[in-house]
Amino acid sequence: MSVNKEIRRITTNTLQKMKSKGEKIAMLTAYDYSFAKTFDAAGIEIILVGDSASNVMAGHETTLPITLDQMIYHAASVVRGVSRGLVVVDLPFGAYQGNSKEALNSTIRIMKETGAHAVKLEGGEEVIESVKRIISAGVPVMGHLGLTPQSIYKFGTYIVRAREEAEAEKLQRDARLLEETGCFSIVLEKIPALLAKQVSQSLQIPTIGIGAGRYCDGQVLVMHDMLGITTEFKPRFLRQYLNLNDTITGAVQQYINDVKDGDFPNEDEQY
Ligand code: KIV
């Protein structure tokens, strides 16, 4: 695979053009400088500094505990590693649900303190005033519908969302509303593939799916899951491209043996 070097910097316009041409968009999460730099050089279009950092970086069970300060730390590290991709940062739980002013203030902190290019927030109609206010301030917003992990205690489970007609209709309404309000893209998480297809075909803006099937305009995965750093999380939608946990475990065990045997460092590895 070759990276399209003609695209110097991915913008929301680039993504729009990709949808128009039927070119799929690849998005991955990243939370630190080193991985972000590698993913960017590999040609990923969007890097999401997801609040999944709460799970995979901090070891929490849900995304709820991560703070705005912690998201800003991760996002600033990611931005330093990226020269081509679009960096999107999740507004964490508690940073935007209060009111639209709070949402804008949180967004302004993210934009000023990290250098990121856009924010993402969960929900439709309930958060539309916040979406409007952030976009009015000139900041691109990515929506997020379907399974919205910040509401996990409302759902009570991580099962597929919007299987029932009423929920599917609300999701379609919310998607239209987010587009009309000016979102540049919407993440669709864990919903039936045919519903994601209908939504994707009815919108002008690109949809990015996770567990939402093949008809979305792009796909996103959490880096720890697709690289096989996490070991217990194996939902049907996850394609694991590496088993980094085994590779790292083997390397660390080899290092331990080499240290204990006096094999490391050798003559060439000392001054
Ligand atoms: O936080 C995250 O990683 C996300 C993706 C699952 C889309 O929101």
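Residues numbered from 1 in each chain as written. Predicted model: local features only at pLDDT ≥ 70, side-chain atom pairs only at ≥ 80, totals over all residues. Heavy atoms only, no water.

Engineer: Could you give me a rundown of the pairing of strand 6 (residues 185-189), with the residues and numbers involved?
Structural biologist: Side-chain positions along a regular strand alternate between the two faces of the sheet. The element strand 6 is extensively covered by neighbouring structure, given that five of its five residues are classed as buried. Here strand 6 shows a buried face lined by Ser 185, Val 187 and Glu 189 and a second buried face lined by Ile 186 and Leu 188. Pairing analysis gives five bridges linking strand 5 (residues 141-146) to strand 6, with the strands arranged parallel. Bridging across to strand 6, Met 142 finds its partner in Ser 185. Bridge count between strand 6 and strand 7 (residues 207-210): four bridges; the pairing is parallel. (Buried < 20%, exposed > 50% of the residue type's maximum accessible area, 1.4 Å probe, protein only. Helix = DSSP H or I, 4+ residues; strand = E, 2+ residues; numbered from the N terminus. Pairing = 2+ DSSP bridges.)

Engineer: Residue-level account of the site of the ligand, with values.
Structural biologist: Taken together, Thr 29, Leu 48, Gly 50, Asp 51, Ser 52, Asp 90, Lys 120, His 144, Glu 189, Ile 210, Val 220 and Val 222 make up the full set of residues near the ligand. Taking Asp 51, its side chain carries an N or O atom lying 3.0 Å from an oxygen atom of the ligand. Here an oxygen atom of the ligand sits 2.5 Å away from a polar atom, N or O, in the side chain of Ser 52. A total of 260 Å² of accessible area belongs to the ligand in isolation, and the protein chains cover 95% of it. Spatially, the ligand is embedded in the second largest pocket. (Near = heavy atom within 4 Å. Polar contact = N/O pair within 3.5 Å; in protein donor to acceptor, adjacent residues only side chain to side chain. Areas by Shrake-Rupley, 256 points an atom, 1.4 Å probe, with all protein chains shown as cover. 1 Å grid on protein atoms, 1.4 Å probe; cavity = no way out; pocket = protein on both sides within 12 Å on 5 of 7 lines; lining within 4 Å. Sits in = over half its atoms within 2 Å of the grid points.)

Engineer: Mind laying out the sheet that holds strand 7, listing which residues take part and the relevant values?
Structural biologist: Taken together, the eight strands give a closed barrel; going around it, the order is 1-2-3-4-5-6-7-8, and neighbouring strands pair in parallel fashion. The sheet shows a mean angle of 25° between the axes of neighbouring strands, direction not considered. As paired strands, strand 1 (residues 25-29) and strand 8 (residues 218-221) are joined by four bridges and run parallel to one another. By the bridge assignment for strand 8, Met 27 is matched with Val 220. (Axes fitted to C-alpha atoms, helices over the stretch in contact; angles between N-to-C directions.)

Engineer: Quick rundown of the domain arrangement of the protein chain? Include the residues and the values.
Structural biologist: According to the domain assignment, the protein chain consists of domain 1 (12-240) and domain 2 (245-271). Spacing between the C-alpha centres of domain 1 and domain 2 amounts to 40 Å. (Domains from an automatic or database assignment.)

Engineer: Which residues make up the layout of surface pockets, and what values do they have?
Structural biologist: If you add up the space inside the second largest pocket, you get close to 650 Å³. Where the lining of the second largest pocket is concerned, the elements lending two or more residues are strand 1, helix 3 (53-56) and strand 6. (Points joined across faces, edges and corners; volume = space filled by probe spheres on them.)

Engineer: Residue-level account of the pattern of salt bridges, with values.
Structural biologist: Inspection of the entire model under this criterion finds eight salt bridges. Of the charged contacts in the structure, one is a salt bridge between Lys 19 and Asp 217, with a shortest N-O distance of 2.8 Å. Of this pair, Lys 19 sits in helix 1 (residues 12-21) while Asp 217 sits in the loop between strand 7 and strand 8, placing them 198 residues apart in sequence. Judged by its relative accessible area of 15%, Lys 19 falls in the buried class. Residue Asp 69 pairs with Arg 109 through a salt bridge whose shortest N-O separation is 2.8 Å. On the criterion of sequence distance, the pair formed by Asp 69 in helix 4 (residues 68-81) and Arg 109 in helix 5 (residues 100-114) is long-range, its members being 40 residues apart. Of the residues examined, Arg 109 reaches a relative accessible area of 29% and is grouped as partly exposed. Taken together, the shared-partner salt bridges in this structure form one network comprising Asp 69, Arg 109 and Glu 113. (Salt bridge = Lys/Arg side-chain N within 4 Å of Asp/Glu carboxyl O.)

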